[in-house]
Amino acid sequence: MESPGNRGDGSDVTTFETAEKIILRWDSTTSEEAKENLIFQSDREEVDRYLRAVDEIQRHISSVSISDEHSSHEVKASSTIQIAMARLEDELRNILLLQTSTFEPDSLLLNSSVSSFASRAGLEEDNSESVVGDGDEHEELDLVLPDDSTGSESGSGSGAGSSRLTSRRSSCRSTSSIREIDLISPEAVSDLRSIAQRMIGAGYSRECVQVYGNVRKSAMEAIFKQLGIVKLGIGDVQRLDWEAVEVKIRRWIRAAKVCVRVVFASEKRLSEQIFDGAVEETTCFMEIVKSSALQLFTFPEAISISRRSPEKLFKILDLHDAIGDLLPDMEEIFNTNSSEAILVQATEIQSRLAEAARGILVEFENAVFREPSVVPVPGGTIHPLTRYVMNYLNLISDYKQTLVDLIMSKPCAGLKCSNDPNKPDMDITELQGRSPLALHCIWTMVMLQFNLEGKSLHYKEESLSHIFFMNNIHYIVQKVKSSPELREIIGDMYLRKLTGMFRQAATKYQRATWVRVLNSLRDEGLHVSGSFSSGVSRSALRERFKAFNTMFEEVHRIQSTWSVPDAQLREELRISLSEHLIPAYRSFLGRFRGHIESGRHPENYLKYSVEDLETAVLDFFEGYTTAPHLRRR
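The structure presented is a predicted model; accordingly, all values stated were derived computationally and were not measured.

1. Notes on the overall build of the protein
Within the protein one finds 22 helices and zero strands. Buried positions account for 51% of the 633 residues belonging to the protein. Looking at the protein alone, contacts between residues at least 24 apart form 79% of all its contacts between residues at least 6 apart. For the protein, the exposed surface amounts to about 29100 Å²; the carbon and sulfur share of it is 49%.

Now the structure itself:
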């Protein structure tokens, strides 16, 4: 079908009448041909001809004096410019609609690297997953755009068809994190700028802004939907299970980076390119992104005011750090008075997340102190509370830099909770100069120690209560030593104090278990006064061997079911008790064996050799379900 502009009217628009004819020929209210075609899908000569016609009419109107405003000629000129503006408004809308890109988040994450927020928690993020949808947990990725050397899609004019989002090194602003992409092809941007300049110049800025803002706002909403950011009220978020919220937090962090550093930044650049410094530039940009930006931060706001519990701390810190990481970029993007509300909202939410983190840390300390379980763990092994607390403190050390900045006050008042007489006190004279975070971590360990001491009292056997306490304190020491970050926070001074605690518990175990056993190998009470034959009471000696055998068998039966999980500690404990037991038994056996062997049924009393005891000791603390039989040579 022949375009209305291809009928031939001369090479240039030089007069008002010629310009008027060109504009009227594209009046879609009077011409079916004009209604079915678009100027900016025609050849470039026709586009330029129409724009020059608009300029000519506008120059004519601008040059008219006040006395001539109501002449029939000037009324006709005003009518013509109205027709032109209506047409340009349609062209503006159509170009924007045709150029609305299909947003592909995966294309923004090529050559991606692991984010510090996720890597320290060992988490992953799947690029294809929705921020609010269900799915597997994947590592959250930093945004690195690919270098697209192919340029924009080819086409004649801005209406050549739907374009894809592409990243061009030549069109990216050189900043550390913002990655601007072409939301609309450069050819279309040029056409849109030409239209906007003429509509604004003719006094039709409101219509221009309205059309541009409506179409781009819809495009922004579509991008948010494709990123998985949907409208969730604060109540909706707070009703979700925390496991589901954790997944959404990781996805929100990923999506927020894309939104701020790519989408918002690119939308702002597009407004700058089209409106070229006009006051409408900021108005349009804010009209497009404000509701989306505020919606983006509804999710972290809901998290910041949700019920506090220890398991939420690290995801809250991830959100806090993510927002803090984005704020410099947001300050660059939202740098006008009209956009101040977005920055204020983001900053306030980050502050509330910080306050939530501080509150959770205090509540965690109290939870450690008040953990109520009283059923002893079998075999005196590591209590689940100890594992949980130390893993928690290890994660805290991973977030050290953030928490050092957030935790400004010491726990309680000088580490003394005088309002609760059941809580332990702690001498902090040796901890002067330590950071509030360090004091909170040490204070948590003090309350864990206090709780473990209480739990140890629930064991019926005194020896097992010492094994339990030794195991758990030793576990704490090893966890601190295995983490350079946590060790730096706790400090070697308190670590030495903990080491002394588990060694003292080991000593108490040996006393509680072996003093009575070793007493049966003493000489006292064996010698008969006045006897010139042997000087030893054989009956008393038999009772001694019998008592030793009975006690050792009982200790072996019971303590082979006890557990010392750490192999090195278990070996050290066996060596220590062997150093007391084996020499004493060897000496006693060597001195009195002959007295038993010369009597009746010596095998009932001399049941075990020294080697038998050395072998039996190897069964101790293995955590057997059923005690093994004592092996005899």
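Still more ground to cover, so stick around.
2. A word on helix α17 (residues 462–482)
Compared with the 30 Å implied by 1.5 Å per residue over 21 residues, the 30 Å span of α17 between its first and last C-alpha is a close match. Of all 21 residues that make up α17, 17 are buried, and the element is covered over most of its length.

3. Brief notes about the nonpolar core
By size, the foremost hydrophobic cluster in this structure holds 174 residues, and its most contacted members are F264, L296, M330, F334 and I396. Residue contributions to this core peak at 17 residues, all from helix α9 (residues 242–275). Domain assignment of the residues forming this core places at least three in each of domain 1 (371–511) and domain 2 (521–619).

4. A few points about the confidence of the model for the protein
Of all residues in the protein, 80% have pLDDT values of 70 or greater, and the mean over the chain is 82. Across the protein, element-level confidence peaks in α17 with a mean pLDDT of 97 and bottoms out in helix α5 (residues 116–119) with 36.

5. Some details on the packing of helix α13 (residues 340–370) against helix α16 (residues 436–456)
Look at α13 against α16: their axes get within 7 Å of each other, and the N-to-C directions meet at 15°. Classified by the interaxial angle, the pair formed by α13 and α16 is roughly parallel. Handedness of the crossing formed by α13 with α16: left-handed. Mapping the contact onto sequence places L361, V362, F364, E365, V368, F369 and R370 in α13 and H440, W443, T444, M447, L448, F450 and N451 in α16.

6. Some thoughts on the side chain of K479
You can see K479 is positioned in helix α17. For the buried K479, no salt bridge is present, and the opposite-charge side chain at shortest range is D398, 10.0 Å distant. A polar contact is formed between the side chain of K479 and the side chain of N391, at a distance of 3.0 Å. Setting aside chain neighbours within four positions, we find K479 in contact with M390, N391, N394 and L486.

7. Some details on helix α22 (residues 610–617)
Within α22, the full set of buried residues consists of V610, D612, L613, A616 and V617. On an axial view of α22, the arc spanned by its buried residues comes to 160°, and they lie on one face. Along its buried surface, α22 packs onto α20 (538–559) and α21 (567–597).

8. Quick notes on the environment of V610
Tracing the backbone through its elements, the reader meets V610 in helix α22. With 29 residues separating them in the primary sequence, V610 and L581 have C-alpha atoms 9.7 Å apart. Residues in contact with V610, not counting those within four places in the same chain, are I582, Y585, R586 and L589.

9. Focus: the environment of A265
Relative to the helices and strands, A265 resides in helix α9. It is 7.4 Å that separates the C-alpha atoms of A265 and R179, two residues lying 86 residues apart in sequence. In this structure A265 touches I178, E180, V260 and I333, once residues within four positions along its chain are discounted.

10. Some thoughts on the pattern of salt bridges
By the definition in use, this model includes 29 salt bridges. Between E267 and R216 there is a salt bridge; the shortest N-O distance is 2.8 Å. With E267 in helix α9 and R216 in helix α7 (residues 205–226), this residue pair connects regions lying 51 residues apart in the sequence. An identical accessibility class is assigned to E267 and R216; each is buried. Taken together, the salt bridges that share partners define one network made up of R570, E571, R574 and E622.

11. Observations concerning the packing of α20 against α21
Two quantities define a packed helix pair, namely the angle between the helix axes and the distance between the axes. Following both chains from N to C, one finds α20 and α21 inclined at 145°, their axes separated by 11 Å at the closest point. Of the two possible hands of crossing, α20 and α21 adopt the one that is left-handed. Contact residues: α20 offers R538, L541, R542, R544, F545, F548 and F552, while α21 offers L581, Y585, F588, L589, F592, H595 and I596.

12. Examining the packing of aromatic side chains
What characterises a pair of aromatic rings is the spacing of the ring centres plus the angle enclosed by the ring planes. Tallying each qualifying case throughout the model produces 21 aromatic pairs. Between the aromatic rings of F264 and F334, the centroid separation amounts to 5.8 Å while the plane-to-plane angle is 70°, which identifies the pairing as edge-to-face. Here F264 is found in helix α9, whereas its partner F334 is found in the loop between α12 (313–333) and α13, with 70 residues between them in sequence. Accessibility classification places F264 together with F334 in one group, the buried group. Arranged with centres 5.9 Å apart and planes meeting at 85°, the rings of F620 and F621 form a pair that is edge-to-face. On the basis of relative accessibility, which here comes to 1%, the residue F621 falls in the buried class. Members of the aromatic cluster, each reached through a chain of ring pairs, are Y509, W514, F548, F552, Y585, F620 and F621.

13. As for the environment of L618
Checked against the element boundaries, L618 lands in the segment after α22. A relative accessible area of 47% places L618 in the partly exposed class.

14. Re unusual backbone geometry
Of note, the phi angle at F621 is positive, near 65°, even though the residue is not glycine. Its location among the elements puts F621 in the segment after α22.

15. Considerations on the side chain of R198
Position of R198 among the secondary structure elements: in helix α6 (residues 186–201). Separated by 2.9 Å, the side chains of R198 and D55 make a polar contact.

About the thresholds
Per-chain numbering applies: the sequence of each chain, read as written, is numbered from 1 onward. With pLDDT at 70 or above as the cut-off, local features in this predicted model cover only qualifying residues; side-chain atom pairs require 80 or more to be listed or tallied, and sums for whole chains, interfaces and linings still use all residues. Hydrogens are left out, water is left out, and the side-chain values use all remaining heavy atoms of the structure. Secondary structure is summarised from DSSP: a helix means a run of H or I of at least four residues, a strand means a run of E of at least two, and numbering begins at the N terminus for each. The cut-offs for exposure are 20% and 50% of the maximum accessible area for each residue type, with area from a 1.4 Å probe on protein chains only; residues under the lower value are buried, those over the upper are exposed, and the others partly exposed. In what follows, a contact means two residues having at least one pair of non-hydrogen atoms within 4.5 Å. Per-residue and other accessible areas were derived by the Shrake-Rupley procedure at a 1.4 Å probe size, with only the shown protein chains allowed to occlude residues. Residue count minus one, scaled by 1.5 Å, sets the expected span of a helix. Nonpolar cores were defined as sets of buried Ala, Val, Leu, Ile, Met, Phe, Trp, Tyr and Cys residues, with membership established by side-chain atoms within 4.5 Å. Residue ranges assigned to the domains are those given by an automatic or database domain assignment. pLDDT is a residue-level measure of predictor confidence that goes from 0 to 100. Here, axes are lines fitted to C-alpha atoms. For helices the fit covers the stretch in contact, and angles between N-to-C directions go from 0 to 180 degrees. Orientation labels follow simple angle bins: below 35 degrees gives roughly parallel, above 145 gives roughly antiparallel, 65 to 115 gives roughly perpendicular, and whatever is left gives oblique. Whether a crossing is left-handed or right-handed is set by the direction in which the near helix is turned from the far one by less than a right angle, anticlockwise for left-handed and clockwise for right-handed. When charges are counted, neither His nor the chain ends are considered; positive counts come from Lys and Arg and negative counts from Asp and Glu. One speaks of a salt bridge when a side-chain nitrogen belonging to Lys or Arg is within 4 Å of a carboxyl oxygen belonging to Asp or Glu. Pairs of N or O atoms are called polar contacts if they sit within 3.5 Å, as long as, within protein, a hydrogen donor faces a hydrogen acceptor (for residues adjacent in sequence, only side-chain-to-side-chain pairs). This arc is built from the directions going out from the helix axis to the C-beta atoms. Aromatic rings from Phe, Tyr and Trp, with only the six-membered ring used for Trp, were paired whenever their centres fell within 6.5 Å, and each pair was classed as stacked if the ring planes differed by under 30 degrees, edge-to-face if by over 60, and tilted otherwise.

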